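Commentary on secondary and tertiary structure
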Amino acid sequence: MLGGACVGQAQQTNVTEDFKPSSLNQPGQEYPMVNSQGYARFKIVAPAADSVRVSLGLGGKGGTKLSKAEDGTWMGTTEGPMDEGFHYYNVRIDGGKFNDPGTLNYYGSVRWESGIEIPAHDQDFYALKNVPHGHVQQVLFPSPSTNTSRRAFVYTPPGYEKDSKTKYPVLYLQHGWGEDETAWSNQGRANLIMDNLIADGKIKPFIIVMTYGMTNEVKFGGLRNFKIEPFQTVLINELIPYVDTNFRTLANRENRAMAGLSMGGMETKTITLNNPDVFAYYGLLSGGIYEPADIKDKSKVKLVFLSCGSKERPDAVKKAAEALKNAGFNAVSYISEGTAHEFQTWRRSLYQLAPLLFKK
C-alpha cells in the first residue's frame, strides 16, 4: 500500500489517513500534505537521486527520510505530529539543499525557504475573513546613514484612505534573525490579525511599520557581535521621521510602540531603553526580558509586554513580568501553549499585545 510506504516508520501505526494539501501549496500542487493530527507528508520528484530528506519531522535527529517509490518519486511522513502553525523547511537531495517545488517560499534562515502550515485549533484569529481589510504597502525611505533608500512595509487600518482627518498611533514591529521586513505580513499574518481585531471591536486601530532590522549580517549564534547603532540610526533618525511626515500619525511617545520577535526583541529592548522619549509601549516576543532596574523613568512607560512559547522559557517570562509589576510597572506576560520559537507563538503574542496598546 502506498500509504504504508509513505509512513516508513513502525511507530506510525495510528496515523489518520485524512491528509489534505497544505494551505501554503503552490496552485494545483497536492504535496506537501497535512492531516488532522498534525503529521506532514511529502512527495518529491527526483528519480535520479540516491537520497532525499526533508528538514522537518525529527528535530535535531535530521528530519524526515523519504523512501523511493516505483515511479521514481520520493515520499515520507513525519515521525510524529508537528506543532500547530507555520514552519520553514527545506529538502536535501543527495546532500544539496533545495526548496520544495510544491509549496510557497518565505524568507527565513537568511534564504527563501519552503513553508508549510499545520492547521491550528485557534487559527480563526488570523484567518482571511469577509471583513474590512487594511492595506500593506511598500515604501522606500531615504537613509543617508546607509547611503541608499531602504524598504519598509506599512499596514494602515481599514478606512485610512477614506477618512483624511483621523490620525493613528504606530507600532514599529521587528522580525527575527534570518528574516526580513516581509516576515510579519507573510508568515505572521499581522495584517489579518489586525483586520479581525478591528472588525470585532477589540482594538483601537493603529498603523504597523515593519522594516529590515539589519540583523542578518551577524551569523547565527553571534549576537554578542551585533552592533545596534546602525539600525538604531535608521529607525530613530530616518524611518520614524519619514513615517510621521508621509502618514497620518500621532507623532509622540504616548502613541508610539516598539515590539519584536527573537532578535527583533533584542533590538526592541536596546532601542527602547536608549530612547525613552520615543516609545511608551514595549513588547518582547521570545526576545528576552526587561528588569525593573533597566528602566530609569517608569513614568514614561505605559506597558511592558513579555511573551514566549510554553516550550521556550516561560518561567523566566512570568517571573520578569511579576518583578516589573511589583516595581510599579504595567507589565503583562503571555505564554503560547504548546509552541516553541516559531510563528504560532508570535502570531498569538501579537493578538494578545494589540488590544493592550495605546490605552488612554
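The chain goes by Alpha/beta hydrolase-fold protein in an unreviewed UniProt entry, where it is assigned to Emticicia soli.

Observations concerning helix 3 (residues 190-199)
Of all ten residues that make up helix 3, nine are buried, and the element is covered over most of its length. Burial in helix 3 covers these residues: Ala190, Asn191, Leu192, Ile193, Met194, Asp195, Asn196, Leu197 and Ile198. Where helix 3 is buried, its residues meet strand 13 (135-143), strand 14 (148-156), helix 2 (183-186), strand 16 (207-211) and helix 7 (343-353). Positive backbone phi, approximately 70°, marks Gly201, located one or two places after helix 3.

Regarding the pairing of strand 8 (residues 85-89)
Consecutive side chains along a regular strand alternate between the two faces of the sheet. Burial runs high along strand 8: four of the five residues are buried. For strand 8 and strand 12 (residues 111-118), the ladder comprises five bridges, and the chain directions are antiparallel. Its bridge partner being in strand 12, Tyr89 is matched across the sheet by Ser114.

Things to note about the nonpolar core
Membership of the largest hydrophobic core comes to 44 residues, with the highest contact counts inside it found for Tyr172, Val209, Leu235, Phe279, Val304 and Leu306. Counting residues per element, this core draws most heavily on helix 4 (residues 229-246), at eight residues. In contact with Tyr172, not counting residues within four places along its chain, are Val209, Leu235, Leu239, Ile240, Val243, Arg256, Ala257, Met258, Ala259 and Phe279. Ranked by size, the runner-up nonpolar core spans 37 residues in total, among them Leu24, Ala183, Phe305 and Leu357.

Quick look at the environment of Phe279
If you trace the backbone, Phe279 turns up in the loop between helix 5 (263-274) and strand 18 (281-285). The buried category is assigned to Phe279, whose relative accessible area is 0%. The spatial distance from the C-alpha of Phe279 to the C-alpha of Ile289 is 17 Å, given a sequence separation of ten residues. Leaving out residues up to four positions away in the same chain, Phe279 has contacts with Tyr172, Leu235, Ile236, Ile240, Arg253, Arg256, Ala257, Met258, Ile271, Thr272 and Lys300.

Looking at the sheet that holds strand 7 (residues 73-77)
Pairing in this open sheet of five strands is antiparallel, and the strands run 1-2-3-7-6 from one edge to the other. Edge positions in the sheet fall to strand 1 (20-21) and strand 6 (67-68), since each has one partner strand and no second. Across five bridges, the pairing between strand 3 (residues 40-45) and strand 7 is antiparallel. Bridge assignment links Phe42 to a residue of strand 7, and that residue is Gly76.

Details of unusual backbone geometry
Backbone torsion omega between Tyr31 and Pro32 reads 5°, so that peptide bond is classified as cis. Among the secondary structure elements, Pro32 is positioned in the loop between strand 1 and strand 2 (33-34). Backbone geometry places Ser286, a non-glycine residue, at a positive phi of 50°. Checked against the element boundaries, Ser286 lands in the loop between strand 18 and strand 19 (303-309). One non-glycine residue with positive phi stands out, namely Phe358, at about 60°. On the secondary structure map, Phe358 appears in the segment after helix 7.

Definitions and limits used
- Residues numbered from 1 in each chain as written.
- Predicted model: local features only at pLDDT ≥ 70, side-chain atom pairs only at ≥ 80, totals over all residues.
- Heavy atoms only, no water.
- Buried < 20%, exposed > 50% of the residue type's maximum accessible area, 1.4 Å probe, protein only.
- Helix = DSSP H or I, 4+ residues; strand = E, 2+ residues; numbered from the N terminus.
- Contact = heavy atoms within 4.5 Å.
- Pairing = 2+ DSSP bridges.
- Core = buried A, V, L, I, M, F, W, Y, C linked by side-chain atoms within 4.5 Å.

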